[in-house]
Amino acid sequence: MTAESDDMGEARRISVMVPAPLDSPLDYLWAGDMPAPAPGHLVEVPLGKRRVIGGVWDGGRYKGRQVALAKLKPAIRPVDAAPLDAALMKLVDWVAAYTMSAPGMILKMCLSVPEALEGVPVRKHLFWREGLSAPDKLTPARKAVLTLMADGIARTPSEIGELAGVSAAVIKGLEEQGALVAEMRPVDQPFAVPMPKAEGPVLGREQQTAADSISAAVAAKDFAPFLLDGITGSGKTEVYFEGVVEALKDPTAQILVLLPEIALTAQWFDRFADRFGVEPVVWHSDIGQAGRRRAWGEIAAGRARVVVGARSALFLPFRNLRLIIVDEEHDPSYKQEEGVIYHARDMAVVRAKFEACPLVLASATPSMESRVNAKAGRYKELRLTERHGAAELPAMRVIDMRHEGPASGEWIAPMLASAIEDRLGRGEQSMLFLNRRGYAPLTLCRTCGHRIECPACSAWLVEHRSERRLVCHHCGHSMRTPDNCPECDDTGSLVPCGPGVERLQEEVTARFPTARLAVMTSDTLTRPGDMARMVAMIESGALDIVIGTQIVTKGYHFPNLTCVGVIDADLGLRGGDLRAGERTWQQLVQVAGRAGRGDKPGTVFLQSYDPAHPVVAAIATGDGEAFMEAEEAERSRFHMPPFGRLAALVISGPDLAAVVETGRRLARAAPQGDGIHVLGPAPAPLARLRGLHRHRMLVQTGRDTLIQDLVAGWLGRVKPASAVKIRVDIDPYSFM
Ligand SMILES: Nc1ncnc2c1ncn2[C@@H]1O[C@H](COP(=O)(O)OP(=O)(O)OP(=O)(O)O)[C@@H](O)[C@H]1O
Ligand SMILES: [Zn+2]
């Protein structure tokens with residue numbers, strides 16, 4: 001072969017990132033007459049026995065052995081879809097490197113809707129217009145159709161059938177006679193374009209200052225990270241809506257708003273619709289296949305303008321992203337713990353940088369990470385220190401459960417009970433917060449002391465009395481609640497220990513038999529729309545008392561809710577990991593923040609066995625700043641994140657000895673050096689999960705160490721024992 005034809009051959013080599021767990025793109029041969037597609041274009045290629053859609057990639061970033069041209073498999077075809085843009089491809093590479101995941105699995109999250117890439121199916125619509133031929137016989141059924149269609153709106157045959165109450169044959173007949181004309185339209189219609197109302201709300205002084213900063217950054221079209229730190233009810237949403245208004249002035253701009261999954265609720269949508277005239281485009285697990293296809297396609301085409309979604313929306317293929325908002329940025333649900341382990345808030349910052357657009361992290365309880373970034377000047381801090389309008393922060397009362405607690409077997413202290421009584425009398429609402437689903441977290445045999453555990457996990461089974469079942473909250477295993485102890489077979493000896501929301505419901509019903517009560521948990525709100533209906537009931541005053549898990553803490557605004565009771569303020573502090581204090585503080589501030597948001601003042605009751613605990617004291621005094629300062633000092637002293645870096649290794653497998661052996665090998669090969677600390681291996685708190693044994697290791701380094709390189713080198717020196725997996729979690733949030 002001459003050098004020239006060799007070059008020409010090389011021009012036919014393309015690197016393709018395929019949605020599979022591979023370390024780098026694969027090379028393919030681009031056969032046929034068309035020039036090889038440039039990076040970003042989507043192509044169909046063979047992968048093993050499958051055909052997959054991948055992106056042509058700049059393979060130079062990934063080192064590896066080059067396969068000889070003659071051995072390359074040919075690509076199948078170009079895919080007729082908008083190419084991925086450079087910023088998104090950069091994000092894929094970056095997130096893969098940071099989280100130590102296969103880049104193909106990150107790309108898979110971007111191309112999460114393969115059907116959208118296949119082109120949208122078309123559906124037949126019929127319409128009528130003046131001058132079309134009249135049918136030969138005008139039967140009543142035909143007349144009904146023509147009357148309906150006189151408005152000129154195109155409808156599918158089935159819509160016409162339904163609306164006019166006629167059979168398919170009638171419609172077919174009219175079409176054959178030329179009285180209705182058919183046109184083919186893509187099934188997926190574009191979304192309505194948001195149009196901000198000319199007049200927004202009159203912003204308060206602090207709100208206006210914050211909104212101006214954000215709008216200026218949007219207009220400047222450059223990377224600019226903000227921390228919007230405003231107390232609960234201070235009107236953060238209205239502030240970042242101003243940024244959205246500014247961005248929409250560019251007719252091609254797209255805006256992404258990330259919310260924790262369970263905060264994606266009717267209230268937020270109503271407010272958006274109020275301001276922008278239409279609902280935003282939604283992206284989360286509940287929208288179904290067709291909804292995903294439509295949303296993905298419209299986003300990729302650049303037509304979907306404002307998208308609101310849960311964490312996975314971060315990887316959508318926007319064409320011209322001009323603003324990212326991460327609301328409730330402290331929320332732990334932004335960390336994905338399965339599959340690719342990533343933190344959507346942190347990766348949002350990276351995406352904003354690559355897209356060169358502003359980013360707003362909003363919270364009443366900013367995470368330590370964001371707080372420290374703001375202090376260091378990496379983020380610009382915008383503060384809102386007052387509630388909107390006349391509303392004041394609620395009063396706080398700590399109930400010392402050691403002296404002021406309820407009788408044994410009850411969970412509501414007298415002081416809280418009388419406060420609820422009082423609200424009932426005044427026609428106001430109360431909310432009780434207990435972050436525990438089910439009836440009781442533990443079932444114990446009074447005779448032999450046996451505790452009922454999950455057979456596959458090291459966890460107790462939780463009683464769900466309404467279903468008469470014991471359920472594992474880790475793997476979903478469940479069994480009928482037995483009558484006899486499974487261990488000693490004694491009858492009637494099993495007793496529930498501790499409260500869950502169902503048990504609390506029992507107590508509330510007994511105490512306040514006439515109160516209108518609802519329980520809000522992921523068990524009671526299972527269908528799409530359940531949450532919206534419940535929220536509407538609270539808003540309309542159809543409920544007096546709401547019992548809920550953390551599902552009720554997110555962003556709700558119920559003006560008539562004036563009493564919040566935290567049943568167990570110490571719950572999140574037990575078995576404390578690195579962030580237990582911070583997280584409990586955030587959760588309690590958020591739940592407390594639901595009280596007194598209207599013109600009536602609110603009171604929050606915290607039931608605690610440890611009122612002197614810094615977290616409880618911080619909530620009671622309202623001095624969260626002092627608490628977070630102390631937390632920060634502590635983290636800094638021990639070089640914990642964000643002042644140091646952490647990576648967790650979870651070693652798991654079906655055979656305990658193999659897991660232990662792998663841990664030993666890791667320990668022997670552990671990295672050493674200044675400021676590097678390796679902890680473990682030790683059994684994980686959740687030592688068995690879904691039948692697999694789990695051990696953990698933790699490596700801690702200084703802020704300036706490239707912990708990924710350290711871990712990669714380490715893993716390269718160790719061969720796991722058979723059937724053992726090692727999962728790496730950079731910046732771990734879960735220590736279970
Ligand atoms: N400038 C304003 N004019 C009129 N109403 C406002 C204004 N600012 C805020 N509000 C209203 O005040 C209420 C609280 O605002 P919002 O829900 O945005 O607070 P928040 O800061 O997001 O609170 P949280 O952190 O608790 O979710 C909402 O009903 C909102 O519509
Ligand atoms: Zn289990």
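Residues numbered from 1 in each chain as written. Chains lettered and ligands numbered in written order. Predicted model: local features only at pLDDT ≥ 70, side-chain atom pairs only at ≥ 80, totals over all residues.

Attention now goes to the site of ligand 1. Near ligand 1 there are 18 residues, and of these Pro-201, Thr-232, Gly-235, Lys-236 and Thr-237 occur at the shortest range. A per-class count over the shell around ligand 1 returns four nonpolar, 12 polar and two charged. The residue makeup of the shell around ligand 1 includes at least three contributed by each of domain 3 (205–384) and domain 4 (395–436 + 499–632). (Near = placed C-beta within 6 Å. Nonpolar A, V, L, I, M, F, W, Y, C, P; charged D, E, K, R; others polar. Domains from an automatic or database assignment.)

This part covers unusual backbone geometry. With an omega dihedral of 5 degrees, the bond running from Pro-641 to Pro-642 counts as a cis peptide bond. Within the secondary structure, Pro-642 is located in the loop between helix H20 (624–637) and strand S28 (644–653). Note the cis peptide between Gly-680 and Pro-681, where omega equals 5 degrees. Within the secondary structure layout, Pro-681 lies in strand S29 (residues 677–689). The residue Asp-489 is not glycine, and still its phi comes out positive at about 65 degrees. Along the chain, Asp-489 turns up in the loop between strand S22 (478–480) and strand S23 (494–497). According to the C-beta neighbour criterion, Asp-489 is partly exposed, with 13 such atoms within 10 Å. (Helix = DSSP H or I, 4+ residues; strand = E, 2+ residues; numbered from the N terminus. Buried ≥ 20, exposed ≤ 12 C-beta atoms within 10 Å, placed from the backbone.)

Attention now moves to the sheet that holds strand S24 (residues 517–520). By definition, the strands of a sheet pair up through backbone hydrogen bonds, in either a parallel or an antiparallel sense. Taken in spatial order, the six strands of this open sheet run S17-S27-S26-S18-S25-S24, and their pairing is parallel. If you trace the sheet from one side to the other, it starts and ends with strand S17 (395–400) and S24, each paired once. Between one strand axis and the next, the sheet turns through 15 degrees on average, direction left out of account. Sheet analysis places strand S18 (residues 429–433) next to strand S26 (residues 561–566), joined by five bridges and oriented parallel. Note on S26: the bridge partner recorded for Met-431 is Val-564. (Pairing = 2+ DSSP bridges. Axes fitted to C-alpha atoms, helices over the stretch in contact; angles between N-to-C directions.)

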